[in-house]
Amino acid sequence: MNSLPAENTPTLAERAPRGSGVVELASVTKMYPGGEVAVRELDLVVPEGEFFALLGPSGSGKTSTLRMIAGFERPTVGRISLANIDVTERPPYKRDVSTVFQNYALFPHMNVRENVAYPLKMRGVSKKSIAARVREELEQVSMTGYEKRLPHQLSGGQRQRIALARALIARPKVLLLDEPLGALDLKLRESMLLVLKRLQREVGITFIYVTHDQGEALAMSDRLAVMNKGSVEQVGTPTEIYERPATSFAAGFVGKTNLFHCTLQSPRLARAEAILMQLDADVRAERFTASIRPNTIVVGEQSRTLENRYSGSVVDVLFLGHEREIIVEVNGRRLNAFAPGPGTGKQDVIGIGDQIEIGWHPSAAVIVEETGTWET
């Protein structure tokens, strides 16, 4: 089905940001030998001081984009600018950027002090100035007292902090982070998320953060770009992308959603298979796709006052701690909804096979451009 975006919704090309930023990519394409297109006609602007995330699954082009900004890869077509200077042909050491990798890339034969000092040493900074700066950076990442340890004597989280200190000591225009928390366990990742966000606020440097983890991107970024098959599907704040996804892929990759392939019955009434639903605005497209987030679906008696209300059978219940995910079958269609979990004082006993009522307000249906879905 070729679904159409809602009236006045910009196309993918029109969603590219406009204007000048500390990082700007103009019509960038990266093609590898054999004809594989990793990045396709990418336009992107990242303002100074922003925490910007590139979010997407493996193969979406996010790491290739980061490597082109860093200078490790050159675009096949297009232009890359840093602080309004064309750096497309410049090698990495001639770009005012630092990169933090998932494997940290610390020098194993150097201690912590030597690793952090290395960028300044290469620039010929005096030993006295280097010593003061190293102390400052180690204090900033809470690693004072570890100066003489070698990388193998540190935990994963400690190595990550040292890698950050080394990347930040030269105060680059842009700090690039390529899946920096991927090797850490859950508790360490949560701790480092707070460290990264605090550091970015304190130093004011532009961070560009590559991740496949939607939770990381939503929690940390000022804005993010959702990438799919080498293209940007949507750029916006975490709230904008979660509440008003522009495409079916963005809706499905960033959080969970229920996608309906709809046929218009009247300007504000649509049919999705055996489900009729009211819409909150006129739609002109005869066929379109609508996204309804599980958190906008009301479960239980409160749904009776809503314009869209249905009865269904509970197929499964997943305990998520603070809430439960309920899979309900309505007229042959399975829908995901959320209900409060234990300890909230609002939970009802819901079990597999129960008949329950659900519903949603017409404004819960967000019309999106059909770009496919994310397949795990």
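Look up a bit, the structure's there.
Let me sum up the structure you'll find in this document. Along each chain, the written sequence defines residue order, and numbers are assigned to residues from 1. With the structure being a predicted model, the display of local features is reserved for residues of pLDDT at least 70 and the display and counting of side-chain atom pairs for 80 or more, all residues being used for whole-chain, interface and lining totals. Water and hydrogen atoms play no part in the side-chain values, which are based on all heavy atoms of the structure.

### Concerning the environment of Leu 218
Along the chain, Leu 218 falls in helix H6 (residues 214–220). In sequence terms Leu 218 and Leu 55 are 163 residues apart; their C-alpha atoms lie 9.5 Å from each other. In this description, contact between two residues means that some pair of their heavy atoms is separated by no more than 4.5 Å. The residues contacting Leu 218, other than those within four sequence positions of it, are Pro 238 and Val 254. A run of H or I in DSSP becomes a helix once it reaches four residues, and a run of E becomes a strand once it reaches two; helices and strands are each numbered from the N terminus.

### Notes on the pairing of strand S12 (residues 269–272)
Here S12 shows a clear split, with Ala 270 and Ala 272 buried on one side and none of Leu 269 and Arg 271 buried on the other. Pairing between strands is defined by DSSP: at least two bridges between the two strands are required. Bridging between strand S11 (residues 258–266) and S12 involves 3 bridges; their strand directions are antiparallel. When the bridges of S12 are listed, Leu 264 appears paired with Ala 270. The hairpin turn running from S11 into S12, its antiparallel successor, is 2 residues long. Pairing between S12 and strand S13 (residues 275–278): 4 bridges, direction antiparallel. Counterpart to Ala 272 in the pairing with S13 is Ile 275. Per-residue accessibility, obtained with a 1.4 Å probe over protein chains only, is compared with the maximum for each type, and a residue is labelled buried under 20%, exposed over 50%, and partly exposed between these values.

### Here we look at the packing of helix H4 (residues 156–168) against helix H5 (residues 186–203)
For the pair H4 and H5, the least separation of the axes is 11 Å and the interaxial angle reads 15°. Here H4 is positioned roughly parallel relative to H5, judged by the angle of their axes. By crossing handedness, the relation of H4 to H5 is classed as right-handed. Between H4 and H5, the residues in contact are Gly 157, Gln 160, Arg 161, Leu 164 and Leu 168 and Leu 188, Ser 191, Met 192, Val 195, Leu 196, Leu 199 and Val 203, respectively. Looking at the contact of H4 with H5, its residues break down into 8 nonpolar, 3 polar and 1 charged. Axis lines are fitted through C-alpha atoms, for helices just across the contact stretch, and the angle between N-to-C directions can take any value from 0 to 180 degrees. For classification purposes, angles smaller than 35 degrees are called roughly parallel, those larger than 145 roughly antiparallel, those between 65 and 115 roughly perpendicular, and all remaining angles oblique. Whether a crossing is left-handed or right-handed is set by the direction in which the near helix is turned from the far one by less than a right angle, anticlockwise for left-handed and clockwise for right-handed. Under the scheme applied here, ten amino acids are nonpolar (Ala, Val, Leu, Ile, Met, Phe, Trp, Tyr, Cys and Pro), four are charged (Asp, Glu, Lys and Arg), and all others, including Gly, are polar.

### Considerations on the environment of Pro 340
For Pro 340, the location among the structural elements is in strand S18 (residues 333–340). In this structure Pro 340 comes out as partly exposed when scored by relative accessible area, which is 32%. Separated by 14 residues in sequence, Pro 340 and Ile 326 place their C-alpha atoms 10 Å apart.

### Some details on the nonpolar core
Residues belong to a common nonpolar core when they are buried Ala, Val, Leu, Ile, Met, Phe, Trp, Tyr or Cys residues joined through side-chain atoms within 4.5 Å. In this structure, Leu 175 and Phe 207 are the most contacted members of the largest nonpolar core, which totals 36 residues. At the level of elements, helix H2 (112–122), helix H3 (127–140), H4, strand S7 (174–178), H5 and strand S8 (206–211) are the ones that each hand at least two residues to this core. Non-local contacts of Leu 175, meaning those with residues more than four positions away in its chain, are made with Ser 98, Val 100, Leu 164, Ala 167, Leu 168, Ile 205, Thr 206, Phe 207 and Ile 208. One finds Phe 260, Leu 264, Ala 270 and Ala 290 within the second-largest nonpolar core, a separate group that totals 29 residues.

### A word on the environment of Val 97
Its location among the elements puts Val 97 in strand S6 (residues 97–100). Expressed as a C-alpha distance, the spacing of Val 97 and Ala 339, which sit 242 residues apart in the sequence, is 45 Å. Once residues within four sequence positions are removed from consideration, Val 97 is found in contact with Ala 70, Leu 82, Pro 172, Val 174 and Leu 176.

### Structural notes on the packing of H2 against H3
Between H2 and H3, the shortest axis-to-axis distance is 10 Å and the interhelical angle comes to 120°. In terms of axis orientation, H2 runs oblique to H3. For H2 against H3, the interelement crossing comes out right-handed. Between H2 and H3, the contacting residues are Val 112, Arg 113, Val 116, Ala 117, Leu 120 and Lys 121 on the first element and Ile 130, Arg 133, Val 134, Glu 137 and Leu 138 on the second. The class makeup of the residues in the contact of H2 with H3 is 7 nonpolar, no polar and 4 charged.

### Quick notes on the pattern of salt bridges
Here, a salt bridge means any Lys or Arg side-chain nitrogen found within 4 Å of an Asp or Glu carboxyl oxygen. Tallying each qualifying case throughout the model produces 12 salt bridges. The residue Arg 171 makes a salt bridge to Glu 137 at a minimum N-O spacing of 2.8 Å. With Arg 171 in the loop between H4 and S7 and Glu 137 in helix H3, this pair connects stretches of sequence that are 34 residues apart. Salt-bridge contacts for Arg 268 lead to Asp 282; the nearest nitrogen and oxygen are separated by 2.9 Å. Here Arg 268, found in the loop between S11 and S12, pairs with Asp 282, found in the loop between S13 and strand S14 (287–292); they are 14 residues apart in sequence, far enough to count as distant. Looking at Arg 268, the relative accessible area reads 41%, which means it is partly exposed. The class for Asp 282 is partly exposed, based on a relative accessible area of 48%.

### Overview of unusual backbone geometry
Comment: phi is negative for the bulk of residues other than glycine, and the bulk of peptide bonds are trans. Unlike most non-glycine residues, Glu 179 shows phi in positive territory, near 45°. Residue position: Glu 179 is located in the loop between S7 and H5.

### Describing H5
Here, expected helix span is obtained from the residue count minus one, scaled by 1.5 Å. With 18 residues, H5 extends 26 Å from end C-alpha to end C-alpha; this agrees with the ideal 26 Å at 1.5 Å per step. For H5, the complete set of buried residues consists of Met 192, Leu 193, Val 195, Leu 196, Lys 197, Leu 199, Gln 200 and Val 203. Where H5 is buried, its residues touch strand S3 (51–55), H3, H4, S7, S8 and H6.

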